[in-house]
Amino acid sequence: EHGQAYAWLVDALRRCSAAAAPHGVRLVLEPINRYETTLINDVSQCLELIDAVGAPNFGVLPDTFHMNIEEPSIAASLRRAGPRIYHVHLADSNRWYPGAGHIDFRAVVRTLDEIGYTGTLSVEAMPKPDAEACAVQSMETLKQIL
């Protein structure tokens, strides 16, 4: 049942956050699209979970691939999450490297800049057409934006 799973998740995250805090460790949760899970699918649900856990070292990890499926507006969701964003994953709409699909990464980066995000942007994409090409193309796309 969803309610029981959610309660277990809140309890576990409270315990993990409390154990991590004295060591300066932050925890993140990445909302995953509805085709892969039924628990936390979008940024709003993750923010509700963060509030339920109530730990300052627990935040959200938005992933542009999943956001493209679940969020009406990637930019609006990033703005809503604001300072609770602790890390960001970049992948295009087809889960390939940034620039291989239709996500506007310039708008993503601009929005993150507007909300004052200074953390890490990491590419989490399928190694298509292969790992080296994925890395090279990711860097080429991001160099043009950053």
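Okay, so let's go over this structure. (Residues numbered from 1 in each chain as written. Predicted model: local features only at pLDDT ≥ 70, side-chain atom pairs only at ≥ 80, totals over all residues. Heavy atoms only, no water.)

1. Some details on the packing of aromatic side chains
The geometry of two aromatic rings is summed up by the distance between their centres and the angle between their planes.
Step number 1: One pass over the structure, following the stated rule, counts one aromatic pair.
Step number 2: With a centroid separation of 6.3 Å and 50 degrees between ring planes, the pair formed by Trp96 and Tyr97 is classed as tilted.
Step number 3: Judged by relative accessible area, Trp96 falls into the partly exposed class, the value being 31%.
Step number 4: Between Arg26 and the ring centre of Tyr86, over which it is positioned, the NZ or CZ distance is 3.8 Å. (Phe/Tyr/Trp six-rings, centres within 6.5 Å; stacked < 30°, edge-to-face > 60°. Buried < 20%, exposed > 50% of the residue type's maximum accessible area, 1.4 Å probe, protein only. Lys NZ or Arg CZ within 6 Å of the ring centre and 35° of its normal.)

2. Structural notes on helix α2 (residues 43-53)
Step number 1: Three or more residues of α2 are buried, namely Val43, Cys46, Leu47, Leu49, Ile50 and Val53. Across the axial projection of α2, the buried residues extend over an arc of 160 degrees, all falling on one side. Away from its buried face, by an angle of more than 90 degrees, α2 presents the exposed residues Glu48 and Asp51.
Step number 2: The N-cap residue of α2 is Asp42: its side-chain oxygen and the backbone nitrogen of Ser44 are 3.2 Å apart.
Step number 3: In the segment just after α2, Gly54 is the residue with positive phi, at about 70 degrees. (Helix = DSSP H or I, 4+ residues; strand = E, 2+ residues; numbered from the N terminus. Arc of directions from axis to C-beta. Polar contact = N/O pair within 3.5 Å; in protein donor to acceptor, adjacent residues only side chain to side chain.)

3. Examining the nonpolar core
Here is a general trend for soluble globular proteins: nonpolar side chains tend to be buried in one another's company.
Step number 1: Residues Leu49, Phe58 and Ile85 are the most contacted members of the largest nonpolar core, which totals 29 residues.
Step number 2: Only α1 (2-20), α2, β2 (58-60), α4 (74-81), β3 (88-90), α5 (105-114) and α6 (131-145) provide two or more residues apiece to this core.
Step number 3: Here this core gets six residues from one element, more than from any other, and that element is α2. (Core = buried A, V, L, I, M, F, W, Y, C linked by side-chain atoms within 4.5 Å.)

4. Some details on the pattern of salt bridges
Step number 1: This structure, assessed with the given rule, holds six salt bridges.
Step number 2: Between Arg15 and Asp11 there is a salt bridge, and its shortest N-O distance comes to 3.1 Å. Of the two residues, Arg15 and Asp11 are both situated in helix α1; the distance of four residues between them amounts to about one turn of the helix.
Step number 3: The salt bridge partner of Arg79 is Glu114, with a shortest N-O separation of 3.2 Å. Placement of the pair is Arg79 in helix α4 and Glu114 in helix α5, with a sequence separation of 35 residues.
Step number 4: With a relative accessible area of 44%, Arg79 lands in the partly exposed category. (Salt bridge = Lys/Arg side-chain N within 4 Å of Asp/Glu carboxyl O.)

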